Amino acid sequence: MKAHIHNSSEKIGLITLVSIVITSALGSGIFTININLAKAAPAGSVIIGWMFVGFGTLMLALSINYLAVKMPELEGIFSYGQAGFGNFIGFFCGWGYWLSACLGNVAFAVILMSSFSFFFPVFQTGQNLISIITASLILWGLIILVNHGVESAAILNTLITCCKLLPLLCLIGLGIENFNFSVFMSNLWQNSNSLIEKNNIDLIGKQVRGCMLTMAWVFVGIEGATTMAKRAKNKSDAGKATVLGMLCLLVLYVLASVLPYGYLSRAALSNLAQPSGAYIFKSMVGSWGGPFINLGIIISILGAWLSWTMLPAETTSLMAEKKLLPVVFNKKNKFGAPTFSLIIEGIMCQIFLLVIYFAADAYNLAYSLCTSSIIICYIFVGLFQIKTALKNKVSKEKYINLIIGLLTVFFEGAIIIFVGLKYLFLCFIAYLPGLLFYLWVKRKEAFVFSKFEVIEIGLLLLGSFYGLWIIYNL
């Protein structure tokens, strides 16, 4: 894999790209989603939430597919922002994507330690020193693995996808077998079965908004195939893999989150320990169920963590190629891996791990920050879809793609406005180190900025200062 790393025989195919999409998104979320959704809403509102989030995410996947086919030369999700709106927006999207990966890895670490506690009591005290040390060792172990060859890690990723789907499918299968329609109907709505009364409609709207950030979190990673497009046998496969992977994920998420409402009461679901999937399965099959599902969760998280170690390193490497970061980010070792990018990624993950791990609700905080930081990238995908569609000649295809882009922007913007604005400002603080790297590149241009870049940098600084104000007032 050394000198011939780009040989076509070692390129990534469609099936592997789909597995990267699934594994990138299918981490801890599917096994922990029950508690967060049950606390936020009854089954009826959860179903409405999935309809909204599923449709919005499909629009995003179709946008990615359209752009991947239309402009296969663009690599990495940040490249759409750069091509459509300039270098600083490209940097902004790329660094946001990179941050989301680092924060997502912290979320994986927190729930992974909870899974370990099922087998090893030393982890049961939660956010303790042994958990931080163990999570740190896994973090750097995965960095070393990816540093020894991204393609080999991608193949391992496919194997992990197959292994972790078994316990998940067992959980869903037993959920169907044990589904009790009367229990489900009692969990369908909170106050009554009527959707006509205004108060109920307002309540349902509030409940759906309460589910949105959690639902959006479990789809983070569907752009993984696009980030790996450079290593694909056929770059158009990246778009196909995004849509296919997203649809597979939606089916799994709906089944895994809705079926338990037909087995346990909403109150019981809300009071489960994390990871909730293990305790639901244990209640269905007996004592062996907990270890079985927890082992699946551990494999699932490690697979997602592996993907989210590859993807950000690829992103910063591509950003360096596009002159958005210093060239050292793209310097490859003998295995073809961007070592410096991986080291910087590891350092940032380690910092986030130490800071967030001591938060009152570390897992929810980590995934909320992760989701908020990547949604900005998704918004610019939709905006670029709109801009690209407007350039086409008048046709049915033009208006279809224009509507898809508008719906993508509307959906992602709604999540930020309703539930993620505070988290977005907190993320802006972590943009400051990246801004220094961007300015280092600009020094070669004598620090010449367009008027739009000056405004954009000013807004970023204001946002980061407001994020610091939020922390000060906590």
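Residues numbered from 1 in each chain as written. Predicted model: local features only at pLDDT ≥ 70, side-chain atom pairs only at ≥ 80, totals over all residues. Heavy atoms only, no water.

Turning our attention to the overall build of the chain. Helix and strand counts for the chain come out as 19 helices and zero strands. Buried residues in the chain amount to 60% of all 474 residues. Considering only residue pairs separated by 6 or more positions, the chain has 83% of its internal contacts joining residues 24 or more positions apart. Taken as a whole, the chain presents about 18,800 Å² of accessible surface, with 71% of it coming from carbon and sulfur. (Helix = DSSP H or I, 4+ residues; strand = E, 2+ residues; numbered from the N terminus. Buried < 20%, exposed > 50% of the residue type's maximum accessible area, 1.4 Å probe, protein only. Contact = heavy atoms within 4.5 Å. Areas by Shrake-Rupley, 256 points an atom, 1.4 Å probe, with all protein chains shown as cover.)

Under the counting rule described, the total for this entry stands at one salt bridge. Put simply, Lys442 and Glu453 hold a salt bridge, and the shortest N to O gap is 3.5 Å. Within this pair, whereas Lys442 is found in helix H18 (residues 431–442), its partner Glu453 is found in helix H19 (residues 451–472), the two being separated by 11 residues in sequence. Like Glu453, Lys442 is buried. (Salt bridge = Lys/Arg side-chain N within 4 Å of Asp/Glu carboxyl O.)

With that settled, the discussion passes to the nonpolar core. Membership of the largest hydrophobic core comes to 151 residues, with the highest contact counts inside it found for Val46, Trp50, Phe219, Leu249, Tyr253 and Phe352. For this core, the element with the highest residue contribution is helix H5 (residues 87–119), accounting for 21 residues. (Core = buried A, V, L, I, M, F, W, Y, C linked by side-chain atoms within 4.5 Å.)

A few words now on the side chain of Ser270. With respect to the helices and strands, the residue Ser270 is situated in helix H12 (residues 266–270). Side-chain polar atoms of Ser270 contact the backbone oxygen of Ala38, separated by 3.4 Å. In contact with Ser270, other than residues within four places in its own chain, are Ile35, Ala38 and Lys39. (Polar contact = N/O pair within 3.5 Å; in protein donor to acceptor, adjacent residues only side chain to side chain.)

This paragraph deals with the packing of aromatic side chains. All told, the structure shown has 24 aromatic pairs when counted by the stated rule. A ring pair is formed by Trp50 and Phe219, whose centres lie 6.2 Å apart and whose planes are at 80°; its orientation type is edge-to-face. Pair noted here: Trp50 is in helix H3 (residues 43–70) and Phe219 is in the loop between helix H9 (198–217) and helix H10 (224–227), with a separation of 169 residues, a long-range link. Classification of Phe219 as buried rests on a relative accessible area of 3%. Plain terms: the ring middles of Phe88 and Tyr438 are 5.5 Å apart, the flat faces sit at 75° to each other, and that makes the pair edge-to-face. Here Phe88, found in helix H5, pairs with Tyr438, found in helix H18; they are 350 residues apart in sequence, far enough to count as distant. (Phe/Tyr/Trp six-rings, centres within 6.5 Å; stacked < 30°, edge-to-face > 60°.)

Attention now moves to the side chain of Asn36. By secondary structure assignment, the location of Asn36 is in helix H2 (residues 29–40). On the basis of relative accessible area, Asn36 is assigned to the buried category, the value being 13%. Setting aside residues up to four positions removed in sequence, Asn36 forms contacts with Thr214, Gln274, Tyr363, Asn364 and Tyr367.

Running from N to C, H5 and H18 cross one another at 135°; their axes reach a closest spacing of 10 Å. When the axes of H5 and H18 are compared, the pair comes out oblique. Judged by the sense of rotation from one axis to the other, the crossing of H5 with H18 is right-handed. For the pair formed by H5 and H18, the contact residues are Asn87, Phe88, Phe91, Phe92, Trp95, Gly96 and Leu99 on the first element and Tyr431, Pro433, Gly434, Leu435, Phe437 and Tyr438 on the second. (Axes fitted to C-alpha atoms, helices over the stretch in contact; angles between N-to-C directions. Parallel < 35°, antiparallel > 145°, perpendicular 65-115°, else oblique. Left-handed = near helix turned anticlockwise from the far one by under 90°.)

Unlike most non-glycine residues, Lys323 shows phi in positive territory, near 65°. Considering the arrangement of structural elements, one finds Lys323 in the loop between helix H14 (289–321) and helix H15 (339–356).

As a further point, take the packing of H5 against H14. Where H5 meets H14, the axes come as close as 9 Å, and the angle between the chain directions of the two elements is 160°. Relative to H14, the element H5 lies roughly antiparallel. Note that H5 runs across H14; the crossing there is left-handed. Of the residues belonging to the contact of H5 with H14, the class tally is 24 nonpolar, nine polar and no charged. (Nonpolar A, V, L, I, M, F, W, Y, C, P; charged D, E, K, R; others polar.)

This brings us to the environment of Ile138. Position of Ile138 among the secondary structure elements: in helix H6 (residues 129–147). It is 8.8 Å that separates the C-alpha atoms of Ile138 and Leu302, two residues lying 164 residues apart in sequence. When neighbours within four sequence positions are excluded, Ile138 is seen to be in contact with Leu112, Met113, Phe116, Leu302 and Trp305.

For residues with low pLDDT, the predicted coordinates do not support detailed interpretation. Looking at the chain, the pLDDT average stands at 81 and 86% of residues meet or exceed 70. Throughout residues 1–9 the model reports pLDDT below 50, and contacts reaching past four residues in sequence, or to other chains, amount to 15 contacts. (pLDDT = per-residue confidence, 0-100.)

This part covers the environment of Lys332. Relative to the helices and strands, Lys332 resides in the loop between H14 and H15. Within the local environment of Lys332, its side chain forms a polar contact with the side chain of Ser317, the two groups lying 3.2 Å apart. At a separation of 2.7 Å, a polar atom in the side chain of Lys332 contacts the side chain of Asn330.

We now examine the state of the cysteines. Taken as a whole, this structure holds zero disulfides when the rule is applied. Here Cys349 stays unpaired: no disulfide links it, and the sulfur of Cys102, its closest cysteine neighbor, is 3.8 Å away. A residue is classified by how much of its surface remains accessible, and Cys349, at 2% relative accessible area, is buried. (Disulfide = S-S within 2.5 Å.)

Given a rise of 1.5 Å per residue, 12 residues ought to cover 16 Å, and the 16 Å separating the end C-alpha atoms of H18 matches this to within 8%. Of all the residues in H18, the buried ones are Tyr431, Gly434, Leu435, Tyr438, Val441 and Lys442. Buried residues of H18 fall within an arc of 110° about the axis and therefore sit on the same side. Exposed and oriented more than 90 degrees from the buried face of H18 are Leu436 and Trp440. (Expected span 1.5 Å × (residues − 1). Arc of directions from axis to C-beta.)

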